[in-house]
Amino acid sequence: MVSTLARHRDAAGIRRRISYGSWTGAALALALACAGGCTGDEGDTGPPGPPGPGGGGPTNSVLEQGDTPPGVNVALVALSGGSGAGGSFKVGDKITARFTLTKDDGTAWDIAEMATGRALVSGPTFNYQRVLPEVSNVATAAVRNADGSYSYTFAAGIPAVYAPPLNDTPTFGVEDGELTGQPLLAGTYTLGLYLAWNYTVDGQGFRDVGNTTADFLFGGATTIEHREVVLQQNCNNCHQDLQAHGGLRHEVTLCLLCHTAGAEDRNDPSVAGGTPDVTIDFKVMIHKLHAGRHLPSVLGVDTNPDGSRNYGATPKPYQIVGFGNSIHDYSEVSFPAWPWGLIAMPRDQGYTALPAAAKAQENAIRTGPADCAACHGDPDGPGPLAAPAQGDLHKSQPARNSCGSCHDDVNWGFPYTANGQTMPSQANNSNCVLCHEQSGGALAIEDAHRHPLHDPTFNPGLNIDVLAVDEAGASNGNGNLDPGEKVSVTFTMTDDAGAAVLPSVAGASLSVVLSGPTHNYNLLLNGSIPTPALSGAQPFTVPLPSLVQLEFLGDSTVGLDVFTTAFTPHWDVAGALTSVLVRTASSSSTTLAAPASAPQNYVDVASGAAFARDDYVVIDDGVAGSEEYLRLQFVDGNRLWFSSPATSSYKAGLGADHPAGATLTKVTLVTKVAGTDYALDPALGTITELIEFGAGNAVLATYTSDFVMPASYPLALNDTPDLGEAWGEWTGKALVDGTYSVSIWGSRALTLNLYGEANAYRGTSEAHLADFLVGAATTVEPYSLISSGQNCNDCHQDVYFHGGGRRGFDACVLCHGTAGSEDRPQYVAANAPPTTGATINLRTMLHKIHMGAELANASTYTLVGFGSAGWPNNFTPHTYEHVEFPALPQGTKNCQSCHGAGNTAWHEPAERDHPTMQGVPVLEWRAVCNSCHDSSAATAHIDLMTTTSGVESCSVCHQPGKEWNVPKMHKSY
């Protein structure tokens, strides 16, 4: 009885090819070295072989970039030679494998054209051991059958005992599952077969490979039992096309046939000083290389003889020595499944008492891979986390080697104490299941690996569903939003069980972002909806809020005055209370050294020496229509940056134009008390003095009112002069008709008290995005550069950022999708490092982050992110030198990994020209292409192709239909 598993394409139909002429050892996280015993990878492509019987001549093996290779598809048709009942196999039987070899168009290959043909047998499927070590003569020894198929017969019969694993030493043995020299057990065994055709693309060598495996019965076994602990498609969610060893091996099952129990790396003393005791047993190696930079051993953590933790151990990089004595170091690999990888698992007992360095080690360990379902599948979930038949074995069969692969601080000869419990030393695996059951307890495998945010008893979930975006207040009633109109949103809030959630559950406020148009997002609103403003039964309908800061209302006079704000009503609820401030004194003054135009968020002055962060200043004091008050964010020599606008819907900036020579004066502002010093009528926006403010004193108000669609675009995020309209920024330009988007999300504060430690979490909802039309637009055109947020989740499982306060692609795109947006510069984070011109626009930032280590100038790419303790006088620098994009075969060249299969939006940069910018060049190509192609040579080429006036000529060669068009040049092989 034979069961054949033949695959050439994954679920997305991706070819399995890889360059063998351009790989470097650390280029791809899963480019595993052949750790010994395997036949080595071949050299450059040789001449095509002669035609076989019935062939039409050699297949053209000299291709150009963009050409499509013919494809190699190998399928096992049958296994024969078994002398047991029903054709099952016994010791001494010689296995004959009959297989077909075809191209993608269905025509037959001549096997003589194959540069590689190999086969091997291992088993049993419940504990793979080597049986018939790999042979390399399949392409030359296979016989063509009359029906066009081929047959290959192993020269050796099935042996009576198991062969030793690769690079066998006494380090690993029976307790590790190794059965060297023992009689073959009855069960299901697996034959692996793969063939490869060599070809060149513009002179660079590649392989087109077909892999297949087939299971068969041995020794009286009667039922085929496939090994399916992980599914190929789960690997390919991240890797697109899992492959290793120069692209020859693609199938997980094929990997298992060499990476058997007890297998070791080459351990050559001349390489890295030797790598003793490094197993390449699949269940250990795969865990460790995915854990990489989170492994206790890599971080310098192990266990003392008394069972306590030792944080002073010598860090040991996780390295494997492979074919050609190449060294592969996985010490920087981070598993991308979130929230685990960003939001730490709970603290162990005693964490608070640890010194800072030990806490940092623990934090790195606690963000290691614990999302077992990412590989082993989710039995309750469809699609990308489909469950393999044996996906739960990792829960029901705990063992020292598999569990200790990630938890490698455990010394099995010592006790191990954690969270008030001590595990005695363990001589073997027999006792593991006594404490570590599948589920139902603190030590249960499923429970211990579950992230608190995935525990419904701890985090009931929060979901926001935006049902409608409408005109509010005075409007023309045409259903579209226009400048000057207010915007209302209708939405619901529920938990994961579908029950309505009280607004108070989401804390003080919900986040809301409005941006557009979708083809070139420019941010209009980045604010919050105070939850006390939500009342009544769901769904909630509420206008979007706008924070107005330091609005100048006028000067107080003798007698009790009434002041009226420019916008009404005032929300004046918790989280959005009105503040009234009165100017009581003035001090240092200077003048503007250059004109300043609204809405820029800085001024250049004659001297900034007398000013400091958080000072309040007035510009054009006493000048009607120009007097405005602001707060200093940063004093940068003679440039003063502001943290708040005079009147703005969302961001810092001037509310009026000011000429050179205008006076800027430091002032003292005193906050008044509502009900004692003044009375507020929120509906009318009137502020009435109850106590005299002082004749001649300026009166200001900071308040929240209804957002009004502006006539022009405000400042970009963290705007500086470093990036401007050449990068698609439309600050100050008239609003463009089109599709705009609003996104709302919130989170509930959660505290997990466990083992004497308090763990703070945020149960954040995924952002819910709704598109709406502005102006005369008639058709909704959603954002299209990324076809779906699920593309991100294929690898990340879930997207979390900013301390867990942002979740989902729709929370990212409306801020980071905006043109001209920058990271947090010094005017936001006072001691931030200089990151001049660093944009956080997705089209640049995401490319650079995912390129990571492959960037020519990876060490220079730093972003200043969300602040930590002491913000805003502290900052968090983010570097990405360790990031390796896992898509195989050629990393970020697999554009569809993120953009989505079938999505063509990335074939040419989107236009970002404002209608008023006719003839004004926009750096559409540079912003995207230079993000990955950042070498000096590439940058020089881009410079050469850009005129001194900023006009790009990239489209002449690279737009669709041209000789070096983008999809052609990014085609992977």
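Residues numbered from 1 in each chain as written. Predicted model: local features only at pLDDT ≥ 70, side-chain atom pairs only at ≥ 80, totals over all residues. Heavy atoms only, no water.

1. Notes on the overall build of the chain
As a reminder of what qualifies: Put simply, DSSP H or I for four residues or longer makes a helix, DSSP E for two residues or longer makes a strand, and each gets a number counted from the N terminus. Note that the radius of gyration is over C-alpha atoms, with the globule rule given as 2.2 Å times the number of residues to the power 0.38. Think of it in three bands: residues with accessible area under 20% of the maximum for their type are buried, residues over 50% are exposed, and the middle band is partly exposed, with areas taken using a 1.4 Å probe on protein chains only. For the area figures, the Shrake-Rupley method with a 1.4 Å probe applies, and any residue is considered shielded solely by the protein chains shown. Charge assignment in this entry is limited to Lys and Arg as positive and Asp and Glu as negative, and neither His nor the chain termini are counted. Charge positions are represented by NZ for Lys, CZ for Arg, CG for Asp and CD for Glu.
The helix and strand tally for the chain stands at 19 helices and 41 strands. What you see for the chain is a C-alpha radius of gyration of 33 Å, in line with the 30 Å of a compact globule of 973 residues. In terms of its C-alpha atoms, the chain occupies a principal-axis envelope of roughly 110 × 70 × 55 Å. Taken across its 973 residues, the chain has 52% of its residues classed as buried. Accessible surface, the chain: about 38,500 Å² in total, of which carbon and sulfur atoms supply 54%. Looking at charge distribution, the chain has the averaged site of its 49 positive side-chain charges lying 7 Å from that of its 95 negative ones.

2. Let's talk about the nonpolar core
Spelled out, the test is: Buried residues of nine kinds, namely Ala, Val, Leu, Ile, Met, Phe, Trp, Tyr and Cys, make up a nonpolar core once their side-chain atoms join them within 4.5 Å. Any two residues whose heavy atoms approach within 4.5 Å are treated as being in contact.
Counting residues in each nonpolar core, the largest one holds 39 residues, and the members touching the most others are Ile-95, Phe-99 and Leu-191. For this core, the secondary-structure elements that each account for two or more residues are β4 (73–80), β5 (96–102), β6 (116–123), β7 (129–135), α1 (138–141), β9 (150–153), β10 (187–201) and β11 (204–218). With seven residues, β10 is the single largest residue contributor to this core. If near-sequence neighbours (up to four positions away) are discounted, Leu-191 is found in contact with Leu-76, Leu-79, Ile-95, Ala-97, Leu-120, Val-121, Phe-154, Thr-212, Thr-213, Ala-214, Phe-216 and Leu-257. By size, the runner-up hydrophobic cluster in this structure holds 38 residues, among which are Leu-523, Leu-752, Cys-815 and Ile-849.

3. Quick notes on the confidence of the model for the chain
Residues shown with low pLDDT carry predicted positions that ought not to be read at fine detail. Selection rule: On a range of 0 to 100, pLDDT expresses the predictor's confidence in each residue.
Predicted confidence across the chain gives a mean pLDDT of 90, with 91% of residues reaching 70 or more. Within the model, pLDDT remains below 50 along residues 1–54, and this stretch shows 199 contacts once partners closer than five positions in the same chain are excluded. The model gives residues 645–651 a pLDDT under 50, and that stretch makes 38 contacts with residues more than four places away or in other chains.

4. Structural notes on helix α2 (residues 232–239)
Buried residues dominate α2, accounting for seven of its eight residues. Every buried residue belonging to α2 is among Gln-232, Asn-234, Cys-235, Asn-236, Asn-237, Cys-238 and His-239, and all of these are buried. Taken together, the buried residues of α2 touch α3 (252–258), α4 (282–291), α7 (373–376) and α12 (790–796).

5. Quick word on the sheet that holds strand β37 (residues 768–774)
Which entries qualify depends on this criterion: Note: two strands are recorded as paired if DSSP finds a minimum of 2 bridges between them. Note on definitions: angles span 0 to 180 degrees between N-to-C directions of axes, and those axes are lines fitted to C-alpha atoms, for helices only across the stretch in contact.
The four strands are arranged β21-β20-β34-β37 in an open sheet whose pairing can be described as antiparallel. With partners counted over all chains shown, the strands left at the sheet margins are β21 (522–530) and β37, one partner each. Mean inter-strand twist for the sheet, computed between neighbouring axes without regard to direction, equals 20 degrees. Bridge count for strand β34 (residues 738–745) against β37 is seven bridges, and the pairing is antiparallel. Note that in β37 the partner of Val-742 across the bridge is Ala-770. Docked against the sheet, helix α13 (residues 809–816) engages β20 (509–516), β21, β34 and β37, running at close to 125 degrees with respect to β34.

6. A word on the state of the cysteines
For clarity, the threshold we go by: Sulfur atoms of two cysteines make up a disulfide when they are within 2.5 Å.
Taken as a whole, this structure holds one disulfide when the rule is applied. The disulfide partner of Cys-238 is Cys-795, and the gap between their sulfur atoms is 2.3 Å. Disulfide Cys-238 to Cys-795: torsion about the S-S bond roughly 120 degrees, handedness right-handed. Within this pair, whereas Cys-238 is found in helix α2, its partner Cys-795 is found in helix α12, the two being separated by 557 residues in sequence. Judged by its relative accessible area of 13%, Cys-795 falls in the buried class. Cysteine Cys-792 shares no disulfide, and the gap to the nearest cysteine sulfur, in Cys-898, comes to 6.4 Å. Residue Cys-815 stays outside any disulfide, its sulfur separated by 8.9 Å from that of Cys-812, the closest cysteine.

7. Regarding the packing of aromatic side chains
To keep it simple, the criterion reads: Working definition: a ring pair exists when centres of Phe, Tyr or Trp rings (six-membered ring for Trp) sit within 6.5 Å. Plane angles under 30 degrees give stacked, over 60 give edge-to-face, the rest tilted. Definition used: whenever NZ (Lys) or CZ (Arg) falls within 6 Å of the ring centre and also within 35 degrees of the ring normal, the charge is taken to sit over that ring.
Under the counting rule described, the total for this entry stands at 21 aromatic pairs. Measuring from ring centre to ring centre gives 5.7 Å for Phe-552 and Tyr-629, while their planes differ by 45 degrees; the resulting arrangement is tilted. Of the two residues, Phe-552 is situated in strand β23 (residues 545–555) and Tyr-629 in strand β28 (residues 628–636); the sequence distance between them amounts to 77 residues. On the basis of relative accessibility, which here comes to 26%, the residue Phe-552 falls in the partly exposed class. On the basis of an interplanar angle of 35 degrees and a centroid distance of 6.4 Å, the ring pair of Tyr-740 and Phe-772 is categorised as tilted. Here Tyr-740 is found in strand β34, whereas its partner Phe-772 is found in strand β37, with 32 residues between them in sequence. For Phe-772, a relative accessible area of 5% puts it in the buried group. Ring-pair connections join several aromatic residues into one group, and the members of that group are Trp-109, Trp-197, Tyr-199, Phe-206 and Tyr-973. Against the face of Tyr-318 rests Lys-288, its NZ or CZ located 5.4 Å from the ring centre. Directly above the aromatic system of Tyr-351 lies the positively charged group of Arg-366, at a separation of 5.0 Å from the ring centroid.

8. Considering the environment of Asn-419
Applied cut-off: For this analysis, a polar contact is any N or O atom pair within 3.5 Å, provided that within protein one partner can donate a hydrogen and the other can accept it, and provided that sequence-adjacent residues contribute only side-chain to side-chain pairs.
The residue Asn-419 is located in the loop between β16 (416–418) and β17 (421–423) in this model. According to the relative accessible area criterion, Asn-419 is buried, its value standing at 18%. Expressed as a C-alpha distance, the spacing of Asn-419 and Leu-754, which sit 335 residues apart in the sequence, is 9.1 Å. In terms of polar contacts, Asn-419 uses its side chain to reach the side chain of Asp-348, at 3.2 Å.

9. So, helix α16 (residues 924–932)
Judged by how many residues are buried, α16 sits mostly within the fold: seven of nine residues are covered. In this fold, the buried residues of α16 make contact with α14 (842–851), α17 (936–944), α18 (955–958) and α19 (966–969).

10. Comments concerning the sheet that holds strand β19 (residues 486–494)
The strand order across the open sheet built from three strands is β18-β19-β22, with neighbouring strands paired in antiparallel fashion. Each end of this open sheet is capped by a strand with a single partner; those strands are β18 (463–472) and β22 (540–543). Within this sheet the neighbouring strands show an average axis-to-axis angle of 25 degrees, counted without direction. Judged from the nine bridges that link them, β18 and β19 form a sheet pairing that is antiparallel.

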